[in-house]
Every structure is written in structure tokens, then in C-alpha cells.
Amino acid sequence: MNHLILSGLTALASLNPSEESAPPSLAESPALQEASAPVAEPVGARSGFYARIQGGVGWLLDGSFDVVSGGSTTSGDASYDVGYLSGAAFGYRFDERWSAELELNYRTNDIDEVDQGGGNKIQEGDYASLAITANGYYTFRPGERLRPYIGAGLGLMQEIDADFGPDEIEAEERNLLAFQLLAGASYQISDPLSVSLEARYLGTAGPELEVSGSSDTIEADYDNVALIAGLTYSF
């Protein structure tokens, strides 16, 4: 009988509310913890203004180098050494895919040889240009650190000039229509900074350079292919 009474008292003690487990607090709620976890910011470029500096190497494609003097033309074929370019751009990124900019680039290539036939050759000088273009870009893989892109541009060769021969003859033309096509990829280093590497083609509409101190002109093709590295800062 005493055993039955003791067992009943033990059972009643186990039902004491003061010893019941407390319900989990809101802070320990898995749903609340998941909702309050920090959300990672996208690494892709944000909209707004940006500035870029750039430089690279350029190949001026072989082409004609014809001298027109007194109504007669002396035809020539030109080849060039590998040259360099440097420039800067300022633009606006509308969203993670579309952007537009104004760009200034200087390019120069030394003359390897201008063969005018009959043993006449020019092996000194350079062919250079200063171009201002308006460019548009389309970027793939928005939100990623590594983003391929393509683009095109239209503008002016503010100046295109050739200095050649032992007498350092100068010839130039100004405000010549120019266009370019490009493709590359950028990589987001940090929130404001990214680096880029691209291939670019720049062409013109038939340069006719006026020889300084003369009525002679030079019709010389200008088609430039370049490999360009850039550093961009987004404001």
C-alpha cells in the first residue's frame, strides 16, 4: 500500500508546471534566423558613371600607300611594326547590361617598309592617329564577377598623320570618320574597381593625307587591330 502511495506522489511531482521545459524563444527560431541572415550583395557592376584608363599594343594592317603628285600616282604597299596605344574613357552604365561612353585614344606604329616599286623603298617614319569615339556596350552574365561583353563605336579621327623618309616628310588629315568593333571581358575586383581585356578593330573611310608644304597627297589605308587592357572606376 505504501508503495502505491509513493508512486502516485512521484507521478504528481513530475507534472509540476515549474519543471516543464520552456518553449523556444523567438531568437532561437530557425525561420527567424534564416530571415535575419545577411544577404550577399551582387558582385556585378552597378549603374552610374564610370571612368577608365587603358593601354595596349596595336597592329596596323598592311595596305596601300599611294603618293599623288601633279596628277600622277605612285603606288606603294606599306607594312608596319607592332605599335602601341593609350587612352581614357568616361561613360554611364544604364544597368548591368547596357552602357555608353566617350573615348579618346592615341595610336602609333612605326613604318616597317613602303615599297613603291623599281627599288624605291621607304623604311623610316611612323603612322599615327588621335581618335574620339562614342561607344556602346552590351554585357553578358550580369551579377557575375567575370563578364564578357561586345561593343561598337563611331567617331572622328581628330588627326591622322604620317611622318616618313629621311627628310621627315609630314602629311596629315583631320576630322576623318572612324568606326570600331570590339569584344572582351571584365573582372570585378571590388565594388568600385574592375579590370578588362579586349580585342578591337578600328577603321577609317579612305584617308587622304595632305603633304606639308606641297600640293601632293597620300592615300594610305588605316586599319588597326589592338589588344587593350583597362582599369575602370565606378562612381
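The paragraphs below set out a description of the structure included in this document. (Residues numbered from 1 in each chain as written. Predicted model: local features only at pLDDT ≥ 70, side-chain atom pairs only at ≥ 80, totals over all residues. Heavy atoms only, no water.)

1. Things to note about the overall build of the protein chain
- Along its length, the protein chain carries two helices and 14 strands.
- By residue count, 34% of the 235 residues in the protein chain fall in the buried class.
- Approximately 13,600 Å² of the protein chain is accessible, and the part contributed by carbon and sulfur atoms is 59%. (Helix = DSSP H or I, 4+ residues; strand = E, 2+ residues; numbered from the N terminus. Buried < 20%, exposed > 50% of the residue type's maximum accessible area, 1.4 Å probe, protein only. Areas by Shrake-Rupley, 256 points an atom, 1.4 Å probe, with all protein chains shown as cover.)

2. Things to note about the pattern of salt bridges
- Counting across every chain of the model gives eight salt bridges.
- As a salt-bridge pair, R200 and E103 come within 2.6 Å of each other at their nearest N and O atoms. Taken together, the residues span a long stretch of sequence, with R200 in strand 11 (residues 193–204) and E103 in strand 6 (residues 98–115) at a distance of 97 residues.
- Judged by its relative accessible area of 2%, R200 is buried.
- Salt-bridge contacts for E113 lead to K121; the nearest nitrogen and oxygen are separated by 3.6 Å.
- Overall, the relative accessible area of 22% leaves E113 in the partly exposed class.
- Assessed through its relative accessible area of 48%, K121 is described here as partly exposed.
- Each of R52, E101, E103, E198 and R200 takes part in one network of salt bridges that share partners. (Salt bridge = Lys/Arg side-chain N within 4 Å of Asp/Glu carboxyl O.)

3. Points about the side chain of N135
- Positionally, N135 belongs in strand 8 (residues 125–139).
- Leaving out residues up to four positions away in the same chain, N135 has contacts with S99, A100, E101, E103, A152, G153 and Q180. (Contact = heavy atoms within 4.5 Å.)

4. Considering the nonpolar core
- The biggest cluster of nonpolar side chains holds 23 residues, and the ones touching the most others in it are F65, Y127 and I218.
- Of all the secondary-structure elements, those providing two or more residues to this core are strand 2 (63–69), strand 4 (77–80), strand 6, strand 8, strand 9 (146–164), strand 10 (169–188), strand 12 (208–211) and strand 13 (217–220).
- With four residues, the single largest contributor to this core is strand 9.
- Excluding its chain neighbours within four sequence positions, the residues that come into contact with I218 are F65, D66, V67, F164, A171, P207, E208, L209 and V211. (Core = buried A, V, L, I, M, F, W, Y, C linked by side-chain atoms within 4.5 Å.)

5. Quick look at the side chain of R52
- Assignment of secondary structure puts R52 in strand 1 (residues 48–60).
- Engagement of the side chain of R52 in a polar contact is seen with the side chain of Q54, the distance being 2.7 Å.
- A distance of 2.8 Å separates a polar atom in the side chain of R52 from a polar atom in the side chain of E101.
- Once residues within four sequence positions are removed from consideration, R52 is found in contact with G87, A88, A89, E101, E103, Y137, S196, R200, G230, L231 and T232. (Polar contact = N/O pair within 3.5 Å; in protein donor to acceptor, adjacent residues only side chain to side chain.)

6. Some points on the packing of aromatic side chains
- Enumeration over the complete set of coordinates arrives at 13 aromatic pairs.
- Between F65 and F164, the aromatic rings sit 5.4 Å apart at their centres with planes inclined by 85 degrees, giving edge-to-face as the arrangement. Here F65 is found in strand 2, whereas its partner F164 is found in strand 9, with 99 residues between them in sequence. Neither F65 nor F164 differs from the other in exposure class; each is buried.
- Grouping aromatic residues by their ring pairs yields a cluster made of F49, F90, Y92, F94, Y233 and F235. (Phe/Tyr/Trp six-rings, centres within 6.5 Å; stacked < 30°, edge-to-face > 60°.)

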